[in-house]
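Topology and contacts: notes
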Amino acid sequence: MKIARIQTENGSTYVVAARDGAWTPVSEAGIGAVSLPELTTHGAALAELAGLASGTIIDPALLHPALGTGKILAIGRNYVAHASELGNARPVSPMIFSKFTSSVNDPFGVIELNAGLTQQGDYEAELAIVIGREAKLVSPEEALTFIFGYAVANDVSARDAQHADGQFDRSKGFDTFCPIGPWITTADEVDASALSVSSWVNGEQRQSGNTRDLIFDLPFLISYITRGTTLYPGDIILTGTPAGVGKGLNPPKFLADGDVVTCEVEGLGRIENRVRVVLA
């Protein structure tokens, strides 16, 4: 099923897609306004809503679905071709960094590039995992059972800040640098082992990869992370990006004011964000 968060006159609410493609508020199943971590505990009730023949809300204003997410972990250089285009060797273990929860952006929100902080804004289309239950010391064999669902994300990056810092967190954690959505598709409907991952800038395709080419696959990532870090419901993992980022092109093509970045993962929808350069 598809679960989204939408804007209403009274704030925001989560909704579930009915069979006709329209949306039904979770309140119709007796679920109040909830965060993403809370939402993961209502699987049976949400499935009942998804089974309805028709929804009540058509063409809603979609917000990011990650309300209340505890942490966002991202994996660097998880496709060989992407590591190579940036001049890096294939990693021997997962490169894990954090994106601050304050960087979360709506699936059709504006990406703001602060010209005082970066001249090298970049995009990275990624498959995002949403964790559904507490995970600690998880084996690869059981890892997929801890996934609540999947979404599309853009790991926006400030490459000059990344290079200057020698680490990733700040340069990938600026406000608006994590558009995600457009909804969450629950794990029971997704085989994430071979999904195409793509991006476009102003209609020009930049990235075209597939999750079958991940260096560290999803079961390994979850197992590796939970050796030392407990994952909780609603936590998000961005699994890496394929080749074709702006910095990897010859010559590099960084984001400019007015650019429109589109990211898509096969079967999970697409997100689209306009770039605005600001002076703060």
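From a predicted model like this one, the values you see are computed outputs, not experimental measurements.

Describing the environment of I215
For I215, the location among the structural elements is in the loop between β15 (204–210) and α6 (218–225). For I215 and H82, which are 133 residues apart along the polypeptide, the C-alpha to C-alpha distance reads 11 Å. Once residues lying within four places of it in the same chain are set aside, the contact partners of I215 are R77, N78, Y79, V80, R90 and P91.

Looking at the nonpolar core
L127, Y150, I237 and L268 are the most contacted members of the largest nonpolar core, which has 43 residues in total. Those residues in contact with L268 that sit more than four places away from it in its chain are L127, Y150, A151, V152, P182, W183, T185, V190 and L195. Of all hydrophobic cores here, the second largest spans 28 residues; its members include I31, L46, A151 and I180.

A look at α6
Extensive coverage of α6 is indicated by the burial of 6 of its 8 residues. What α6 keeps buried is the set L218, P219, L221, I222, S223 and I225. In this structure D217 caps α6, since a side-chain oxygen of it lies 3.0 Å from the backbone nitrogen of F220.

Considerations on the environment of Q7
Among the structural elements, Q7 can be located in strand β1 (residues 2–8). The sequence separation of Q7 and R274 amounts to 267 residues, and the corresponding C-alpha distance is 19 Å. Within the structure, Q7 has its side chain in polar contact with the backbone oxygen of G11 (distance 3.0 Å).

Comments concerning the sheet that holds strand β14 (residues 196–201)
Judged by pairing direction, the sheet is mixed, and its 5 strands sit side by side in the order β8-β18-β17-β14-β15 without closing on themselves. The sheet terminates laterally at β8 (110–114) and β15, the two strands that pair on one side only. Each adjacent strand pair in this sheet contributes to an overall mean axis angle of 20 degrees, direction not counted. Summarising the sheet, β8 and strand β18 (residues 269–278) pair through 5 bridges and their orientation is parallel. Counterpart to N114 in the pairing with β18 is V278.

Criteria and thresholds
Residues numbered from 1 in each chain as written. Predicted model: local features only at pLDDT ≥ 70, side-chain atom pairs only at ≥ 80, totals over all residues. Heavy atoms only, no water. Helix = DSSP H or I, 4+ residues; strand = E, 2+ residues; numbered from the N terminus. Contact = heavy atoms within 4.5 Å. Core = buried A, V, L, I, M, F, W, Y, C linked by side-chain atoms within 4.5 Å. Buried < 20%, exposed > 50% of the residue type's maximum accessible area, 1.4 Å probe, protein only. Polar contact = N/O pair within 3.5 Å; in protein donor to acceptor, adjacent residues only side chain to side chain. Pairing = 2+ DSSP bridges. Axes fitted to C-alpha atoms, helices over the stretch in contact; angles between N-to-C directions.

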